[in-house]
Amino acid sequence: MQAKVLAALSGGVDSSVAARLLVEQGHEVVGAYMKNWINEENIAGNCPWQQDIEDARRVADQIGIEFRVVNLMREYRERVVRYLLDGYTGGITPNPDAMCNREMKFGVLREYSAAEGFDFVATGHYAQRRVREPGGTVEVLRGADGSKDQSYFLALLCQEQVRAALFPLGALKKLQVRNLARDWGLATAEKKDSQGICFIGEVRMSDFLRTFLPDDPGPVLDVEGRLLGEHQGLHLFTLGQRRGIGVASRQHGAAYVVVAKEPGRKALVVALEDPAAPLLYASRALVSEVSFLGDGFREGEDLEAQARYRSPSAQARITEWDQDTRRARIEFREAQRALTPGQVCAFYRGAELIGGGFFERIEHES
């Protein structure tokens, strides 16, 4: 069935191929670049928004579709940048990519597309979409390319959002996408993938944070309370971090790793990397603000939980579930490294993404 689709063109190869595939499928397609950030603060790093717009425009011209630049800078600062800064200020580690998907691509842009008469918003995510039956629940499944699967970043979406979403690359491998771009002669065929902050670019998180948040020094302590050095701000570190701690990093062949942040005394707590290192591994956690794409889970259910993008999902049990507060207590079958407050926990039944929430509290053995 032909549909009217607003294809989000980021200026990268994935979204370019996604848009061309939609044209090949016979849809009425318009390309849109989300103008979210132009680096007015001159943060050090590569913020190539102008080049990205030009690349997106060239691809739209090549595949013969209308191209628009949709200015969402105000909404991006309000919904993503503020969330990011508030999170780090509050001592947690936010996930701007997941929030950008919920609030921007499938939030503000979806609302814009609906107002303009489009049926769907399409993106270059490596995830699959499946409708259970005509007019039924829309499911999101892991992408066919396990090394590129991006369903984790969609864990905060709801059914209304995924109903209006298309993921044309879901059944493809990354190499296939590159080859299609080359075969079609797309301007982005050889362009490197962006590894930076969502819509901001290849900017070090520490440089981004220092632009908006002042340094707030404090002690670096080991787990027994011994002073090892000084840090410039707890917001510059995350649990599990090995590099950039600022103290001698190796003793007896092991590296220091961040295992805790104590805002009350501004202390960064580190331990030598080891499976038995205090506070580094945990099996139990409280997950809050849980939402579902479709059917939810039930208390006592065994499923899979994924604690960060590059980590594999792991077997876990929902030991408690409070529908009213949207909080779930989960227990992993095997202890997980550096579970981090603020990060997204995505829940799966096999390949199906069922929803997600935020780690609120990590429960260590007493």
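Since the model is a prediction, treat every value here as computed from it, not as a measurement.

Engineer: Help me get a handle on the overall build of the chain, residues and values and all.
Structural biologist: Scanning the chain from N- to C-terminus turns up seven helices and 18 strands. Relative to the 2.2 N^0.38 estimate, which gives 21 Å for 366 residues, the radius of gyration of the chain is 21 Å and therefore close to what a compact globule would have. Projected onto the principal axes, the alpha-carbon positions of the chain cover approximately 65 × 50 × 35 Å. Buried positions account for 54% of the 366 residues belonging to the chain. Taking all contacts inside the chain whose residues are at least 6 apart in sequence as the whole, residues at least 24 apart take part in 65%.

Engineer: Report on the nonpolar core, specifying residues and quantitative values.
Structural biologist: Core analysis: the largest hydrophobic core is formed by 58 residues, its most contacted members being Met104, Leu109, Val140, Leu154, Phe208, Ile245 and Leu353. Ranked by size, the runner-up nonpolar core spans 30 residues in total, among them Ala7, Val13, Ile53 and Tyr126.

Engineer: Report on the sheet that holds strand S3 (residues 66-71), specifying residues and quantitative values.
Structural biologist: Taken in spatial order, the five strands of this open sheet run S3-S2-S1-S4-S7, and their pairing is parallel. Whereas interior strands pair on both sides, the edge strands pair on one side only; in this sheet they are S3 and strand S7 (165-166). In this structure, strand S1 (residues 4-8) lies alongside strand S2 (residues 28-35), joined through five bridges in parallel fashion. Residue Leu6 lies in a different strand from S2, and its bridge partner there is Val30. Helix H2 (residues 49-63) contacts S2 and S3 of the sheet and is inclined by roughly 155 degrees relative to S3. Along the sheet, helix H4 (residues 96-115) makes contact with S1, S2, S3, strand S4 (120-122) and S7, crossing S4 at roughly 135 degrees.

Engineer: Give me the lowdown on helix H1 (residues 13-24), citing residues and values where you can.
Structural biologist: In this model H1 runs 16 Å from its N-terminal to its C-terminal C-alpha over 12 residues, within 8% of the 16 Å that 1.5 Å per residue would give. Judged by how many residues are buried, H1 sits mostly within the fold: 10 of 12 residues are covered. Among the residues of H1, those classed as buried are Val13, Asp14, Ser15, Ser16, Val17, Ala18, Ala19, Arg20, Leu21 and Leu22. Where H1 is buried, its residues touch S1, S2, H2, S4, S7 and helix H6 (174-183).

Engineer: Let's hear about the pairing of strand S11 (residues 254-262): which residues, and what values?
Structural biologist: Most of S11 is tucked away: eight of the nine residues are buried. As paired elements, S11 and strand S12 (residues 267-272) share six bridges and run antiparallel to each other. By the bridge assignment for S12, Val257 is matched with Ala271. Hairpin connection of S11 to S12: four residues between the antiparallel strands, including Lys266 at a positive phi of 55 degrees.

Engineer: I'd love a proper account of the packing of helix H3 (residues 73-89) against helix H7 (residues 205-212), names of residues and values included.
Structural biologist: Contact geometry for H3 and H7: axes closest at 11 Å, N-to-C directions at 95 degrees. Comparing the axis directions of H3 and H7 gives the class roughly perpendicular. Residues Arg77, Val81, Leu84, Leu85 and Tyr88 of H3 lie in contact with H7, whose contacting residues are Met205, Phe208, Leu209 and Phe212. Taken together, the residues that form the contact of H3 with H7 break down as eight nonpolar, no polar and one charged.

Engineer: Give a detailed account of the layout of surface pockets, specifying residues and quantitative values.
Structural biologist: Considered as a void within the structure, the second largest pocket measures approximately 360 Å³ in volume. In terms of lining residues, the second largest pocket is bounded by 23 residues, among which Leu239, Ala260, Lys261, Pro341 and Ile362 are the most central. Those elements that place two or more of their residues in the lining of the second largest pocket are S11, strand S13 (281-292) and strand S18 (352-363). In terms of residue count, the dominant contributor to the lining of the second largest pocket is S11 (four residues). Looking at side-chain class alone, the lining of the second largest pocket contains 14 nonpolar, seven polar and two charged residues.

Engineer: An account of unusual backbone geometry is requested, with residue identities and associated values reported.
Structural biologist: Even without being a glycine, Lys266 presents a positive backbone phi close to 55 degrees. Looking at the element boundaries, Lys266 is found in the loop between S11 and S12. Phi is positive for Arg326, which is not a glycine, with a value near 60 degrees. Looking at the element boundaries, Arg326 is found in the loop between strand S15 (314-322) and strand S16 (327-337).

Engineer: Any details on the pairing of strand S8 (residues 218-222)? Residues and values, ideally.
Structural biologist: In terms of residue burial, S8 counts as a mostly covered element, since four of its five residues are buried. Here S8 runs beside strand S9 (residues 227-231); their pairing, made up of four bridges, is antiparallel. Among the inter-strand pairings, Pro219 is bridged to a residue of S9, identified as Glu230. The hairpin turn running from S8 into S9, its antiparallel successor, is four residues long, and Gly225 in that turn takes a positive phi close to 90 degrees. Of the strand pairs in this sheet, S8 and S12 are connected by three bridges, and their pairing is parallel. Paired with Asp222 across the bridge in S12 is Val270.

Engineer: Break down the packing of aromatic side chains for me, with residues and values.
Structural biologist: Between two aromatic rings, the relevant description is the distance of the centres plus the angle of the planes. Across all of its chains, the model carries eight aromatic pairs by this definition. Seen from their ring centres, Phe106 and Phe167 are 6.0 Å apart, and the 80 degrees between their planes marks the pair as edge-to-face. Here Phe106, found in helix H4, pairs with Phe167, found in the loop between S7 and H6; they are 61 residues apart in sequence, far enough to count as distant. Here the two residues Phe106 and Phe167 agree in accessibility, since each one is buried. Residues Phe208 and Phe212 carry aromatic rings whose centres are separated by 5.1 Å and whose planes lie at 50 degrees to one another, so their mutual orientation is tilted. One end of the pair is Phe208 and the other is Phe212, both in helix H7 and four residues apart, which spans about a single turn. Here Phe208 falls in the buried class, since its relative accessible area comes to 0%. Taking the relative accessible area as the measure of exposure, Phe212 reaches 26% and is therefore partly exposed. Ring pairing ties together the aromatic residues Phe292, Phe297, Trp321 and Phe347, which thus form one cluster. Directly above the aromatic system of Phe118 lies the positively charged group of Lys4, at a separation of 4.9 Å from the ring centroid. Here Arg142 stacks its cationic end above the ring of Tyr348, 3.7 Å away from the centre of that ring.

About the criteria used
- Counting starts from 1 at the beginning of each chain's written sequence and moves along it residue by residue.
- Two thresholds apply to this predicted model, a pLDDT of at least 70 for residue-level local features and 80 or more for giving and counting side-chain atom pairs, whereas whole-chain, interface and lining totals are computed over all residues.
- Only hydrogens and water are removed before side-chain values are computed, so all heavy atoms of the structure are retained for them.
- Secondary structure elements are taken from DSSP: a helix is a run of H or I of four residues or more, a strand is a run of E of two residues or more, and numbering for both begins at the N terminus.
- Radius of gyration here uses only the C-alpha atoms, and the compact-globule reference equals 2.2 Å multiplied by the residue count raised to the power 0.38.
- Type-normalised accessible area, obtained with a 1.4 Å probe on protein chains alone, sets the label of each residue: buried when under 20%, exposed when over 50%, and partly exposed for intermediate values.
- Here, residues are in contact when the closest pair of their heavy atoms is within 4.5 Å.
- Grouping buried Ala, Val, Leu, Ile, Met, Phe, Trp, Tyr and Cys residues that are joined through side-chain atoms within 4.5 Å yields what is termed a nonpolar core.
- Strands pair, by our definition, only if DSSP identifies at least two bridges between them.
- For every element, the axis is a line fit to its C-alpha atoms; helices are fit only across the contacting stretch, and the angle between N-to-C directions ranges from 0 to 180 degrees.
- Expected helix span is computed as 1.5 Å times (number of residues minus one).
- What sets the label is the angle itself: under 35 degrees gives roughly parallel, over 145 gives roughly antiparallel, 65 to 115 gives roughly perpendicular, and the rest give oblique.
- Three classes are used, and their members are as follows: Ala, Val, Leu, Ile, Met, Phe, Trp, Tyr, Cys and Pro are nonpolar, Asp, Glu, Lys and Arg are charged, and the others, Gly among them, are polar.
- Cavity means a closed set of points on a 1 Å grid over the protein atoms alone, one where a 1.4 Å probe fits but cannot get out, pocket means an open set with protein on both sides within 12 Å along at least 5 of 7 lines, and lining means a residue has an atom within 4 Å of a point.
- Grid points are joined across faces, edges and corners, and a volume is the space filled by probe spheres set on the points.
- Ring pairs are drawn from Phe, Tyr and Trp, using the six-membered ring of Trp, whenever the two centres fall within 6.5 Å, and their geometry is named by plane angle: stacked under 30 degrees, edge-to-face over 60, tilted for the rest.
- When the NZ atom of lysine or the CZ atom of arginine is within 6 Å of a ring's centre and also within 35 degrees of its normal, the charge is said to sit over that ring.

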